[in-house]
Amino acid sequence: MSKEKIEQTELTDKPVLEMLEEAEEEEQVESATEARKFTGWTKILFTSIAVIGALFHLYILNFNPIDPWLFRSAHLLFGAVLGFMLFPGMKKGNGRIHIVDWVLILASIGIFIYIYMNLKQLLFRFGVMPTTMDFIVALAGILLVLELTRRTSGWTLPILAGIFILYAFVGPYLPSILNHSGYSVERFTTYIYGLDGIFGVTLDVSSKYILLFIIFGAFLQMSGVGRYFIDFSFSLAGGMRGGPAKVAVISSGLMGMMNGTSAGNAVATGSLTIPLMKRVGYNGRFAAATEATASAGGQIMIPIMGAGAFLMAEITGIRYSEIVIAATIPAILYFLSVYFMVDFEAVKKGMKGISRKDLPSIKSILKKAYLFVPIILLIGMLLKGYSVIMSGTYSILACLVISWIGKETRMGLKKILEALELGMKNTIQLLAVCACAGIIVGVIALTGVGLRFSSMLLSVAGNSEFLALLFAMFIAIFLGMGMPTTAAYAVGASVVAPGLVNLGIEPLFAHMFVFYYAVMSAITPPVALAAYAAAGIAGTDPMKTGVEAFRLGIAAFIVPFMFIYSPQLLMVGSFVEIAIAVITAAIGIYLLSASVQGWFAGRRAIWFTRFLLVIASLLSIDSGIKTDLIGLVIIASAVAIQLMIVKKDEGKPLAV
């Protein structure tokens, strides 16, 4: 984030409608290095490669399927060429592509040609009886993936991948549960650079689903449909108390599900919502934390879930529609928890909403309701059982056709090409992290450490399922720190989920549990990527913003435990059972939010009331009648205490 942009976001005295007009429509992905700004022939070259790459993927996916390894190799090639052109090796770059970058690009092309020319033989040789040239190509390919990931996402994921690679060689010298027989360098390298490693399930999902929906998101952006989502959010919630914070919650959910990265979503919507939150009275740190927490939640927003649903379907074999239906209530509970937190903050500070005259008119919003058609079409086709690829492609076409209805949204050839370029550009980071995550998944599969971890989870937890879940939560968050959600879930699904399944937890529940905490890792210090991205816009301290985001999202941390102990929250059971579980869970989240914010029964809550609220919220984890009744008694006690204090102090507010 440039200094000029940060200064621009501080201009919070502009009318809201003017700020909406000036808001940047291009989604941005926070990278480890500042992207180059191309001009002249390099701009033409980059755009041409990006557009060709997008059209190639759409053609192969819809009309002419090719060998999976060859397709994924081409997918990685496009990402590598564009990535090494766009992201310099050092912290800052200019429009000139360095000679080292050209060497890396040529190496990437050479590796693809080698795979293309020797595909049939490599299918039998790689990971079993590789030749010297196989080994050299695989080693170079792994190093290129690590470097591309470092440039786009920083050091965290490459270092973690390096630790797993090291484990593959030092395993024979490690004790007990970590011990394995070891592998030769040639066999290991070619195994990892094959269909069980880098070109495995994570890159498969990236090449088929992530890219498709990022292109869809780019078409939404370039056509103005994405802007309509923000206008809709402002019209719906902008006039409420603390309105811009509630707008951030809604718009980040709508946009984040297609973004694929919490940090990128925080930048895309936060450049508008953060200054407006500051305008109505929220301090900068709280504004940035709100945007970060809401943006992280976009990754669990149905139906796309930042591509997480597709990855989960590939790993578990569970139908996509079943995953989306199960994820509905947890997603609602997440955003409900964030909503309560920002609303309590608004009440405590006596905030008001934005004046209706400064907001998009409801009449104009309703007139353009047809702009929701691409999203409605997407959801409808997916739930009716059409393939993900067909649904996504038709939604892209629908977005294009719908844009022609209004003059201000109409997409001509130039905008279509810009959308294709933007889609490929925004795919680079996720493509890189999926490839790098494939290294980790490959090591886990090769060494069997995932099964060993399952045994360790069982031994540590003993006979207590709760302790096992608590331990799994910490591991999932720890493994996900510093990584985009897709990569964080891929690693957690390989390490943590099998252990939970061995405890007797249904695979869908186990994977949803891991996925949820992979999302939460984006707002968990010390490496809270979404919070750091939002802090850059607000100009606040990144670490303090991360702590604030963690505090805002803390109510959501109990949601996975809720659906483990109350399966009704994943749509298991009768309508009445599901309804009771949802009401109980919502009350629990409300109580925990009230405790964290120190506001209950219309006034500030004393420490003892806050303690009671925490106990009552924890009781809501289990939807049983006994725990619910105990919780109601505790809530009544908390209300009585608050009323007694009001009577005693004649309604004067107390200090927290």
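Given the structure is predicted, the values throughout are model-derived calculations rather than measurements.

## Some words on the overall build of the protein
Part 1 of the argument: Looking only at helices and strands, the protein has 31 helices and two strands in total.
Part 2 of the argument: Taken against the 2.2 N^0.38 rule, which gives 26 Å for 656 residues, the C-alpha radius of gyration of the protein at 25 Å falls within 12% of a compact globule.
Part 3 of the argument: Counting only C-alpha atoms, the protein reaches 85 × 65 × 45 Å along its principal axes.
Part 4 of the argument: By the burial criterion, 59% of the 656 residues in the protein qualify as buried.
Part 5 of the argument: Taking the contacts inside the protein whose residues are at least 6 apart along the sequence as the reference set, 78% of them involve residues at least 24 apart.

## Description of the confidence of the model for the protein
Part 1 of the argument: Taken over all residues, the pLDDT of the protein has a mean of 84, while the share at 70 or more is 91%.
Part 2 of the argument: Segment residues 1-12: pLDDT under 50, and 20 contacts once partners within four positions in sequence are set aside and those in other chains are kept.
Part 3 of the argument: Segment residues 24-28: pLDDT under 50, and 17 contacts once partners within four positions in sequence are set aside and those in other chains are kept.

## Points about the pattern of salt bridges
Part 1 of the argument: In total, this model carries 12 salt bridges according to the counting rule given.
Part 2 of the argument: Among the salt bridges present, the one from E147 reaches R151, with a minimum N-O distance of 2.7 Å. One end of the pair, E147, and the other, R151, are both in helix α7 (residues 132-153), four residues apart, so they sit about a helical turn from each other. Take E147 and R151: they sit in the same class, and that class is buried.
Part 3 of the argument: Between K208 and D204 there is a salt bridge whose closest N-O contact spans 3.5 Å. Of the two residues, K208 and D204 are both situated in helix α10 (residues 201-223); the distance of four residues between them amounts to about one turn of the helix.
Part 4 of the argument: By relative accessible area, which is 7% here, D204 ends up buried.
Part 5 of the argument: Overlapping salt bridges bring together R36, D101, E147, R150 and R151 as one network.

## Observations concerning the nonpolar core
Part 1 of the argument: Of all hydrophobic cores here, the largest spans 234 residues; its most connected members are Y193, I198, Y334, L500 and F513.
Part 2 of the argument: Residue contributions to this core peak at 19 residues, all from helix α20 (residues 413-447).
Part 3 of the argument: If near-sequence neighbours (up to four positions away) are discounted, Y334 is found in contact with T293, A296, G297, I300, Y516, M520, I523 and A556.

## What about helix α3 (residues 40-62)?
Part 1 of the argument: Under the 1.5 Å per step criterion, the end-to-end length of α3 is 33 Å for 23 residues, consistent within 8% with the ideal 33 Å.
Part 2 of the argument: Among the residues of α3, those classed as buried are T42, F46, T47, I49, A50, V51, G53, A54, H57, L58, I60 and L61.
Part 3 of the argument: Residues of α3 that are buried sit in contact with α4 (68-86), α10, α19 (388-403) and α20.

## Focus on the side chain of T545
Part 1 of the argument: Take T545: it is sitting in helix α27 (residues 542-553).
Part 2 of the argument: Judged by its relative accessible area of 0%, T545 is buried.
Part 3 of the argument: If we skip the residues at most four places from it in the chain, T545 touches R285, A288, A289, A531, A535 and T540.

## Some words on unusual backbone geometry
Part 1 of the argument: A positive phi angle is found at M571, which is not glycine, with a value near 65°.
Part 2 of the argument: The residue M571 is located in the loop between α28 (559-565) and α29 (575-597) in this model.
Part 3 of the argument: Using a relative accessible area of 35% as the deciding quantity, one classes M571 as partly exposed.

## Points about the packing of aromatic side chains
Part 1 of the argument: As enumerated under the stated definition, the model contains 32 aromatic pairs in all.
Part 2 of the argument: Ring geometry for W41 and W102: centres 6.4 Å apart, planes at 10°, overall stacked. Here W41 is found in helix α3, whereas its partner W102 is found in helix α5 (residues 99-117), with 61 residues between them in sequence.
Part 3 of the argument: Judged by relative accessible area, W41 falls into the exposed class, the value being 56%.
Part 4 of the argument: Look at Y334 and Y516: their rings are 6.1 Å apart centre to centre, the planes differ by 65°, and that puts the pair in the edge-to-face class. Note that Y334 is positioned in helix α16 (residues 320-348) and Y516 in helix α25 (residues 507-520), a separation of 182 residues in sequence.
Part 5 of the argument: Exposure remark for Y516: the relative accessible area of 2% places this residue in the buried category.
Part 6 of the argument: Linked through ring pairs, Y334, F335, F466, F513, Y516, Y517, F550, F557, F561 and F563 together constitute an aromatic cluster.

## Let's talk about the environment of I475
Part 1 of the argument: In this structure, I475 sits in helix α22 (residues 465-480).
Part 2 of the argument: C-alpha of I475 to C-alpha of Y517: the two residues are 42 residues apart in sequence and 9.3 Å apart in space.
Part 3 of the argument: If sequence neighbours within four positions are ignored, I475 has contacts with F453 and V496.

## Describing the side chain of T447
Part 1 of the argument: Checked against the element boundaries, T447 lands in helix α20.
Part 2 of the argument: Within the local environment of T447, its side chain forms a polar contact with the backbone oxygen of V443, the two atoms lying 2.7 Å apart.

## What to know about the packing of α3 against α20
The relative placement of two packed helices is expressed as an angle between their axes plus a distance between the axes.
Part 1 of the argument: Contact pair α3 / α20: the axes reach a minimum separation of 8 Å and the direction vectors enclose 85°. Regarding the angle of α3 to α20, the classification is roughly perpendicular. Along its contact with α3, which presents K43, F46, T47, A50, V51, G53, A54, L55, H57 and L58, the element α20 presents L417, L420, E421 and M424.
Part 2 of the argument: When its residues are assigned to classes, the contact of α3 with α20 shows nine nonpolar, three polar and two charged.

Criteria and cut-off values
Residues numbered from 1 in each chain as written. Predicted model: local features only at pLDDT ≥ 70, side-chain atom pairs only at ≥ 80, totals over all residues. Heavy atoms only, no water. Helix = DSSP H or I, 4+ residues; strand = E, 2+ residues; numbered from the N terminus. Rg over C-alpha atoms; globule rule 2.2 N^0.38 Å. Buried < 20%, exposed > 50% of the residue type's maximum accessible area, 1.4 Å probe, protein only. Contact = heavy atoms within 4.5 Å. pLDDT = per-residue confidence, 0-100. Salt bridge = Lys/Arg side-chain N within 4 Å of Asp/Glu carboxyl O. Core = buried A, V, L, I, M, F, W, Y, C linked by side-chain atoms within 4.5 Å. Expected span 1.5 Å × (residues − 1). Phe/Tyr/Trp six-rings, centres within 6.5 Å; stacked < 30°, edge-to-face > 60°. Polar contact = N/O pair within 3.5 Å; in protein donor to acceptor, adjacent residues only side chain to side chain. Axes fitted to C-alpha atoms, helices over the stretch in contact; angles between N-to-C directions. Parallel < 35°, antiparallel > 145°, perpendicular 65-115°, else oblique. Nonpolar A, V, L, I, M, F, W, Y, C, P; charged D, E, K, R; others polar.

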